[in-house]
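Each chain, letter by letter, is given below.
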Amino acid sequence: MSIGRVVATERRPNTPHEFHFWTALGAPVGIGTIVRVEGPPTGDGQLVSIYGVVVEGFSYTDLQTPLHDVLGADGDPASAVRAPTDRTEIRLYTAHSLRHIPDEPRQPVPMGVVHLATDADVAIALRMDGYLKDGQRTAIPVGIYRSGAMQSPVYLDADFLLGPEAAHLNISGVSGLATKTSAVEWLLSSIFAHFPAQKGSVAAVCFNVKGPDLCFLDQPASKLDEADRALYDALGVPAAPFPDVEYFAPYTARGYSLATLRSNEALSHNVRPLSWGLNEVLQYAEVLLNKDDVDAKADALIDFIRERVVNNEFTDSILERAHTVRSFTDLEQWFRDVLRAMEGRNLESWRTHHVATIRKVRNRLTNISTRCRGLVTDDGTANDLPFGAFRDRAVYVIDVASSEEDAQDLIFARVVSQLREQLERRTLGVDHVVVFVDELNKYAPSDGPDTYVRKMLLDIAERGRYLGLVLFAAQQFRSQVHRRVVGNCGTALFGRMDMDELATPGYATLAPATRIKLSTLDKGQLMVRHPHFAQPVFVRFPRPAVLGGREGMEKFPAEPEPSLEVAVTRALRTLDPSVTLEWVKQAIVAAPEDEVLRARNRTLQARPEDVKACFRAQFRGRAKAEPVRDRPASFPLAGSGNDDPYSF
Amino acid sequence: MRSVRRVLRTAGAAVAPSAPALETRPVVAEPPRLQRAEPLEGGEVRVRRVDGDPVVGVAAFLDGIQESRVLAHWPGGIPLVGGTVAATVRRRVGRTLVAWRPDATRVEHALFAPRAALGDAVWRALADGCDVRDTGDPDEQGPWHPLELTARALSAVQRRREAAETACAELWCAEGDGPLFVDGGIASAGSAAHSPLAIGVVKSHRTLYVDGDALPRVLGLAAGERTTAFTVASPRRASVASWYLRLRDPAAHDALWGLVRVEVALLGATPDHCDLVSRWLLAERQPVSLPDPRWGAMAYGIRLTEEYLRALTR
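Sequence positions are assigned chain by chain, starting from 1 and proceeding in written order. Think of it this way: whatever chain is written first is A, whatever ligand is written first is 1, and the rest follow in order. This being a predicted model, a pLDDT of at least 70 is required before a residue's local features are given, and a value of 80 or more before pairs of side-chain atoms are given or counted; all residues contribute to the totals for chains, interfaces and linings. The side-chain numbers reported here are obtained from all heavy atoms of the structure, hydrogens and water having been left aside.

1. Topic: the sheet that holds strand β3 (residues 34-39) of chain A
Here's step 1: A pair of strands counts as paired when DSSP detects no fewer than two bridges linking them. The helix count covers DSSP runs of H or I at least four residues long, the strand count covers runs of E at least two residues long, and both are numbered beginning at the N terminus. With respect to topology, six strands assemble into a closed barrel ordered β1-β2-β5-β4-β3-β6 (chain A), the strand pairing being antiparallel. Ignoring which end each strand starts from, the neighbouring axes of this sheet average 40 degrees apart. Note on method: axes are straight lines fitted to C-alpha atoms, helices fitted across the in-contact stretch only, with angles between N-to-C directions ranging 0 to 180 degrees.

This is the structure in structure tokens:
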């Protein structure tokens, strides 16, 4: 259906990249509409088609000044409405070229007839035809492009979304419109449904950095309407929650329960603790130590401890005993021994390390377990992500929303490093991992200190695609994120944007009308940039088929931190449902709190067959508390019942 | 006109640089005058308020345009004038105007020149390449004043335009449906002058059809008032019923501002019909046809029709 004609004037000429066309007043054309121009055939008879996306619209009448309208209506607006003839009005649009066929020679857009793009046109215009071919299909649905009554699926190329050609995704949008998180949830569903089998397996690791956003990914959405289901059908994605989700969260500072809003007992079956001991943390100590902390001398001592002390039997003539350091408690004892020995001998340095350096490093290292209480254990027990056993199409959510900033940084650094190392060695269990990080401007800011986390994000952005390590990151202000991080994201999604943000230089390439549209996007609308698309396109995506954070909290309210016995019961029940509160009470009676927690942590780490036996075994060496046996109701009186006259 | 210039260049004429349209040149107009007309309503021209509110009744608008330029000069000071005339009927559908039918739009491009002054050989050479119209009198011998020849060409172009308008008016009156707003008089519009569908609206008033006594009444018309009808008769034109109608309050303008003279067929020109037609015309005051300088008396439908013709001819 033709809807317009291309026009050009000397003042506003067409170029190969931009053209203008007018339409009837009621034509279903607006900013973001994709059109096809049919030009006259070339000299050799080949038909010319130019595909474009509308980036600007103008409307005007033959009125020279508004005052003329006032005069005509005698100053009465109601009178103007009664005019028998409408003023001649034009709808003039500017479009940016998406694709020319034939590609060469690239000439200015001819004065042709303009048509609304059909499904096939959209596929050609966005160069999706290359990855929609049977047998070579690598298409991942990202949403529906709508124009009038037409709805055309828009696909991303998996090779450019998850690597190896390009990779990474960045999402920008104002907060509170459920765009960023929803878009990621939707896109992960789409990836899991459409990632081609020949490309390998894929899993996702999501960092829940605020509230309950990602806490209910395995629960069905409460308000998925027919329109949403129609979108799911049209895009071939099941409207269902993620079937395989595991949650990880550090303990609270008190250590009884996990620091997550997913604390409702009904959902505890797949919530696991995330806790690390000295072994896991020492490698990433620099995440928590600033440059003032770690000068060359301190660095040398930390290296010494890492290489010679930890996990080795360490002996020295000045020390009271041999040390095998496996936990922060062991490390503290080692430091005490060293410092006591130096004081006793009045030594200023030991093994070239000055006493002040030793004291400083002792302070900084042993302080880690305090700063990251709940995550870092003193006793060395660790509960970690299933590195090496990642499952295809599984989502691993790490809830760091309630953690302190230091703990968040440590979690992020270690998890991503582990993913990277294991992907490099091909031992992770899957071939691709999507790492979703919200609030990227906090972790990879465009200014501020060069932190370990930022360096790591830069590394993922620049080299992750070769490994299958893909960064999906979101932030409110893209301009506040490091340029190299966003610059390396092959695909960018934009939800509703703040006008101040749109005024920054990063958006200068967008037409003014496109920027205005971005600032007024509805929920569920996105602007998509992708390497195959010559211009950004607007799409609509369905609500995620998972329970939203707010609704989830209403349906599964968080529970207050329980008593020690209840907390231990709940934790052990995830391994053995037969564990009861009474059994736990009996098992831990008279045991100190830290010992109970340690027993619980070790049991959870071991994941034994016989949970009860394993848990009980943690208390051996302590006198068993036994219930008082029934005493006989009476003792026989002396002499009674026998004939001994001298007995009592 | 590019093709006409090419023909002229080939024929050996001195092609002139781009010149302003002849229509924009000052011309010696006939002097303004008063002419008594025979009253149709009563014995004299009187003022009456148009009864009833303005109401939309016009079904279509007819207008014509012309543009002529001296394209070249032939030796001997003979101007060769390129003329374009166009006329069309734009039908109202809802609140927009659309083309009525293809044959109701006429566009002509032609070269206007005196055949006798050019000679037959040159004439035939020009006629082979473009449409050529003779502006001379076959009995008249030269020499000719160049400005006189230009004026004749301009008159010839004007006649072509009037002919095109007449053809369109006749077509509508024969096959159209509803009242036709004609820009200008209908007395010379052939059979349309007798059609109940044609309404001529004259904006220029070099001749005022009133005698001395009635003149103050015509000039003193207030917005929404009309004169009683009278007959406009001419030996070479059809007789029509006519009246003056004040569309807009002249206020700070001259007394003729906002004043139109309406022409309808004599038959059926009852006072009620004159009132009804006046109400139709009053309804066409909006939207205002600014920035056209004639906006005080010009209907927006006519402006649109003119713009349409300009788009076709440029």
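2. Brief notes about the nonpolar core
All names here are of chain A.
Here's step 1: Core analysis: the largest hydrophobic core is formed by 79 residues, its most contacted members being Phe 207, Ile 305, Trp 334 and Phe 390.
Here's step 2: The element contributing the most residues to this core is helix α13 (residues 405-425), with nine residues.
Here's step 3: Excluding residues that lie within four positions of it along the chain, Ile 305 makes contacts with Leu 282, Val 310, Leu 331, Trp 334, Phe 335, Val 361 and Leu 365.
Here's step 4: Core analysis: the second largest hydrophobic core is formed by 69 residues, Ile 34, Ala 158, Leu 526 and Ala 545 among them. Nine residue types can take part in a nonpolar core, namely buried Ala, Val, Leu, Ile, Met, Phe, Trp, Tyr and Cys, and a core is a set of them joined through side-chain atoms within 4.5 Å. Classification of residues uses two cut-offs on accessible area relative to the type maximum, computed with a 1.4 Å probe and protein chains only: under 20% is buried, over 50% is exposed, and between them is partly exposed. Only heavy atoms matter for contacts: two residues are in contact if any of them lie within 4.5 Å across the pair.

3. What to know about the domain arrangement of chain A
Here's step 1: With domains assigned, chain A is organised as domain 1 (2-117), domain 2 (154-274 + 383-552), domain 3 (279-371) and domain 4 (562-617).
Here's step 2: Using C-alpha coordinates to define each centre, domain 1 of chain A is positioned 74 Å away from domain 3 of chain A. Where a domain begins and ends is set by an automatic assignment or by a domain database.

4. So, the interface of chain B and chain A
Interface size is commonly expressed as the accessible area that is lost once the parts come together.
Here's step 1: Contact residues are listed per partner, giving 15 residues for chain B and 15 residues for chain A.
Here's step 2: With both chains or domains summed, chain B and chain A bury close to 1500 Å², and 49% of this area falls on carbon and sulfur atoms.
Here's step 3: Every case where a carboxyl oxygen of Asp or Glu lies within 4 Å of a side-chain nitrogen of Lys or Arg is listed as a salt bridge. Where chain B meets chain A, there are two salt bridges.
Here's step 4: What qualifies as a polar contact is a pair of N or O atoms within 3.5 Å, subject to a donor-acceptor requirement within protein and to the restriction that residues adjacent in sequence count only when both atoms come from side chains. Inspection of the region where chain B meets chain A yields six residue pairs in polar contact (both at pLDDT 80 or more).
Here's step 5: Three residue categories are used. Nonpolar comprises Ala, Val, Leu, Ile, Met, Phe, Trp, Tyr, Cys and Pro, charged comprises Asp, Glu, Lys and Arg, and polar comprises the others, including Gly. Residues belonging to the side of chain B that touches chain A are distributed by class as follows: nine nonpolar, two polar and four charged. Accessible area, probed at 1.4 Å, shrinks when two parts are joined; the buried area is that loss added up over both.

5. Side note on the packing of aromatic side chains
Residue and element names in this part refer to chain A.
Here's step 1: Two aromatic rings, drawn from Phe, Tyr or Trp (for Trp, its six-membered ring), form a pair once their centres lie within 6.5 Å of each other, and the interplanar angle then sorts them: stacked below 30 degrees, edge-to-face above 60, tilted otherwise. Taken as a whole, this structure holds 22 aromatic pairs over all chains when the rule is applied.
Here's step 2: Ring centres 5.0 Å apart and planes at 55 degrees place the aromatic pair Phe 207 and Phe 412 in the tilted group. Of this pair, Phe 207 sits in strand β10 (residues 202-208) while Phe 412 is found in helix α13, placing the two residues 205 residues apart along the sequence.
Here's step 3: With 5.8 Å between their ring centres and 15 degrees between their planes, Phe 412 and Tyr 443 make a pair best called stacked. Taken together, the residues span a long stretch of sequence, with Phe 412 in helix α13 and Tyr 443 in helix α14 (residues 440-443) at a distance of 31 residues.

6. Notes on the packing of helix α20 (residues 564-573) of chain A against helix α21 (residues 581-588) of chain A
Residue and element names in this part refer to chain A.
Here's step 1: The N-to-C vectors of α20 and α21 enclose an angle of 115 degrees; their axes lie 9 Å apart at closest approach. On the basis of their axis angle, the class for α20 and α21 is roughly perpendicular. Here α20 and α21 pass one another in a crossing that is right-handed. The residues of α21 that touch α20, namely those facing Glu 565, Val 566, Val 568, Thr 569, Leu 572 and Arg 573, are Leu 581, Trp 583, Val 584, Lys 585 and Ile 588. The scheme is simple: roughly parallel for angles under 35 degrees, roughly antiparallel for over 145, roughly perpendicular for 65 to 115, oblique for anything else. Crossing handedness is defined as follows: a turn of the near helix away from the far one that is anticlockwise and smaller than a right angle gives a left-handed crossing, while the clockwise case is right-handed.

7. Focus on the side chain of A:Thr33
Residues and elements named next belong to chain A.
Here's step 1: If you trace the backbone, Thr 33 turns up in the loop between β2 (18-23) and β3.
Here's step 2: In terms of polar contacts, Thr 33 uses its side chain to reach the backbone amide nitrogen of Gly 30, at 2.8 Å.
Here's step 3: Apart from residues lying up to four places away in sequence, Thr 33 is in contact with Pro 28, Gly 52, Val 53, Val 54, Leu 116, Tyr 145 and Ser 147.

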